Amino acid sequence: MTESSKGQKMWGGRFSDKPSDIMQAINVSIGFDQRLAAQDIRGSKAHANMLKAQKIITKSDNTAIQSGLDTILEEIQNGNFPFRDEFEDIHLNVEARLSELIGEPAGRLHTARSRNDQVATDFRLWVRDALDDFDLQLLGLQKALLAQAAQHTDTLMPGFTHLQVAQPICFGHHMLAYLEMFSRDRSRFADCRVRMNENPLGAAALAGTPYPINRDATTKALGFERPMANSLDAVSARDFALEALSCANICATHLSRIAEEIVIWTSTQFGFVSLSDKFTTGSSIMPQKRNPDAAELVRAKVGRILGSLTSLSVVMKGLPLAYSKDMQEDKEPVFEAFDALSLALAAMSGMIGDLTPNKERLAEAAGAAYSTATDLADWLVRTLDMPFREAHHTTGSIVALAEKQGRALHELALHDMQGVHDAIHEGVFDVLSPSASVASRTSFGGTAPENIRKQIGLWKKQL
């Protein structure tokens, strides 16, 4: 009869009494770490195959272990695996169930490993899988942004600084700005994945193992690049999770910025874009309302994700080597943050695809607040060879004149502008309209529609 069938703890040989209820409550983690089940079974299968290859366990024992683990994975996937608090965590739950299924060979699976290197391996595998999922989600978001940019290469809108109208730009240019940000997010996640893709399995509790294991074999089987070189570091390191959370936090910040813009743009005061019923809600008391709740909730997710990063940083900041039970608290912040980011990415991809820009309103706003004043100053410099500071002063005087007359800059009479500076001529009107302004911004990275079309072509090839 196995230890588990007698109702004893699987680590209980040294202990004469059961843990108190309070100890059980604080110690048990199966309520959340069952999410590591697939990774735990993957690691166990690789470990057992290596033990067999190294003649540490027999072929028949390994065959039974592999079959039992396959059965357990199927049970978990079908939702009928008997998760039990008495076995604390996912590792002991799997091992106990394996013992019920195959008997004595199950006891050989844990040869040459510890729960310390086991959980470190499982957690790395889980985070690595999550990073791969984020890459796919970010790719989908980039494609949604690219589609909007392609439809609106020459759709005028105001560019802002300090949330004040600054210069005219194109809506497509604005979409491509976020595409660039999310491209860097993908790059950060990819860099994080490269650094974390090391195998802790084989470090055992902290010092390695006397068994003749082959860590290169489990490394290859689990898709790691290399085994971790120091057994203490292997079981102690959680910087991979901290780095992943840092990347998630930056990505969430980008999502929050575009979510904020959607909230502003959909307001009655701006009216720049509209969202369909798919991503808005109504009011319980005001029937006319259409609230951008999806954007607002995306905007809020950064708080949850930053909180998770802070939480794990505090858990890890004072721990001596090697493993401490504090590190059981490493998973919930990561799970919570990654769930939040995944949902936010899905919601933002949907909203970007759902956005309908109001071209008339955007164009009207693009020409507001004398947004082509810088174009006028640049024209004075280029055409009249005027020092920029003098051009800046002259332009300010012309703007003051336009304000006094209640006109846009391109609506001013030539003779009025010549009253400020007599060398100004008809050519000035070539740069004063918003469309002329954006067309002139041909420097690399500028908002000119021809630039946008080139960038769209490059991104289509890359994505």
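One can find the structure itself at the top, above this paragraph.
Residues numbered from 1 in each chain as written. Predicted model: local features only at pLDDT ≥ 70, side-chain atom pairs only at ≥ 80, totals over all residues. Heavy atoms only, no water.

### A word on the overall build of the chain
Helix and strand counts for the chain come out as 18 helices and six strands. In terms of overall dimensions, the chain is more spread out than a globule: its C-alpha atoms have a radius of gyration of 31 Å, far above the 23 Å expected for 463 residues. When the backbone C-alpha atoms are referred to their principal axes, the chain occupies close to 105 × 55 × 40 Å. A fraction of 74% describes how many contacts in the chain between residues 6 or more apart in sequence connect residues 24 or more apart. Only carbon and sulfur atoms are counted for the fraction: they give 52% of the accessible area of the chain, which is about 22,000 Å². (Helix = DSSP H or I, 4+ residues; strand = E, 2+ residues; numbered from the N terminus. Rg over C-alpha atoms; globule rule 2.2 N^0.38 Å. Contact = heavy atoms within 4.5 Å. Areas by Shrake-Rupley, 256 points an atom, 1.4 Å probe, with all protein chains shown as cover.)

### Some details on the side chain of N199
Along the chain, the position of N199 falls in strand 3 (residues 198–199). Using a relative accessible area of 0% as the deciding quantity, one classes N199 as buried. A polar atom in the side chain of N199 sits 3.0 Å from the side chain of T218. Of the polar contacts made by the side chain of N199, one reaches the side chain of T219; its length is 3.0 Å. Excluding residues that lie within four positions of it along the chain, N199 makes contacts with T121, R215, T218, T219, L222, F224, R226, P227 and M228. (Buried < 20%, exposed > 50% of the residue type's maximum accessible area, 1.4 Å probe, protein only. Polar contact = N/O pair within 3.5 Å; in protein donor to acceptor, adjacent residues only side chain to side chain.)

### Quick look at the packing of aromatic side chains
Tallied over the full model, the rule gives twelve aromatic pairs. Relative to F270, the ring of F160 has its centre 6.2 Å away and its plane inclined at 50°; by these criteria the two rings are tilted. A residue pair is termed long-range when its members are at least 10 positions apart, and F160 in strand 1 (residues 156–161) and F270 in the loop between helix 10 (239–265) and strand 5 (273–274) qualify at 110 residues. Taken together through their ring pairs, the aromatic side chains of F123, W126, F134, F189, F240, F335 and F338 make up a single cluster. Across the ring face of F335, the terminal group of R35 is positioned such that the distance to the ring centre comes to 4.7 Å. (Phe/Tyr/Trp six-rings, centres within 6.5 Å; stacked < 30°, edge-to-face > 60°. Lys NZ or Arg CZ within 6 Å of the ring centre and 35° of its normal.)

### Quick word on the nonpolar core
Counting residues in hydrophobic clusters, the biggest one holds 98 residues, and the most contacted among them are V127, L255, F338, L341 and M348. Of all the elements, helix 10 adds the most residues to this core, at 16 residues. When sequence neighbours within four positions are dropped, the list of residues in contact with L341 reads F134, F189, A248, C251, A252, L255 and I305. In this structure, M386, I398, I424 and V428 belong to the second largest nonpolar core, which totals 18 residues. (Core = buried A, V, L, I, M, F, W, Y, C linked by side-chain atoms within 4.5 Å.)

### Notes on the pattern of salt bridges
Scanning the model with the defined rule gives 22 salt bridges in all. Of the charged contacts in the structure, one is a salt bridge between D135 and R186, with a shortest N-O distance of 2.9 Å. With D135 in helix 6 (residues 115–151) and R186 in helix 7 (residues 171–196), this pair connects stretches of sequence that are 51 residues apart. On the basis of relative accessibility, which here comes to 26%, the residue D135 falls in the partly exposed class. D375 is the salt-bridge partner of R441, the closest N and O atoms lying 2.7 Å from each other. Here the residue R441 occupies a position in the loop between helix 17 (434–440) and helix 18 (449–462), and D375 occupies one in helix 14 (residues 373–384), the gap between them amounting to 66 residues. Judged by its relative accessible area of 23%, R441 falls in the partly exposed class. Looking at D375, the relative accessible area reads 3%, which means it is buried. (Salt bridge = Lys/Arg side-chain N within 4 Å of Asp/Glu carboxyl O.)

### A word on the side chain of D122
Structurally, D122 is set in helix 6. In this view, D122 contacts L36, Q39, D40 and H91; residues no more than four positions away in its chain are not counted.

### Some thoughts on the environment of A369
When you line up the elements, A369 lands in the loop between helix 13 (359–366) and helix 14. According to the relative accessible area criterion, A369 is exposed, its value standing at 53%. Counting along the chain gives 211 residues from A369 to P158, while the straight-line C-alpha distance between them is 9.7 Å.

### What to know about the pairing of strand 1
One face of the sheet, then the other: side chains in a regular strand alternate in exactly this way. Where strand 1 meets strand 2 (residues 164–170), six bridges bridge the pair, whose relative direction is antiparallel. The residue of strand 2 that forms the bridge with G159 is Q167. (Pairing = 2+ DSSP bridges.)

### Quick notes on unusual backbone geometry
Residue A322 is bonded to the preceding L321 through a cis peptide linkage, with omega at 5°. Phi is positive for L163, close to 60°, though the residue is something other than glycine. With respect to the helices and strands, L163 occurs in the loop between strand 1 and strand 2.

### Brief notes about helix 18
For helix 18, which comprises 14 residues, the first-to-last C-alpha distance of 20 Å matches the rise-based estimate of 20 Å (1.5 Å per residue) to within 8%. Restricting attention to buried positions, one finds in helix 18 the residues P449, N451, I452, I456 and W459. The buried residues of helix 18 all sit within an arc of 145° when viewed along its axis, so they share a single face. Pointing more than 90 degrees away from the buried face of helix 18 are the exposed residues K454, L458 and K461. Tucked into the core, helix 18 has its buried residues touching helix 6, strand 2, helix 7 and helix 17. (Expected span 1.5 Å × (residues − 1). Arc of directions from axis to C-beta.)

### A few points about the packing of helix 10 against helix 11 (residues 293–316)
Pairs of packed helices are described in terms of their axes, by the angle between the two and the distance that separates them. The interhelical angle for the contact between helix 10 and helix 11, taken along N-to-C directions, is 160°, at an axis separation of 8 Å. Taken together, helix 10 and helix 11 sit at an angle that is classed as roughly antiparallel. The crossing of helix 10 and helix 11 is left-handed. Classifying every residue of the contact of helix 10 with helix 11 gives 16 nonpolar, six polar and three charged. (Axes fitted to C-alpha atoms, helices over the stretch in contact; angles between N-to-C directions. Parallel < 35°, antiparallel > 145°, perpendicular 65-115°, else oblique. Left-handed = near helix turned anticlockwise from the far one by under 90°. Nonpolar A, V, L, I, M, F, W, Y, C, P; charged D, E, K, R; others polar.)

These values are about where atoms sit, not about what they do.
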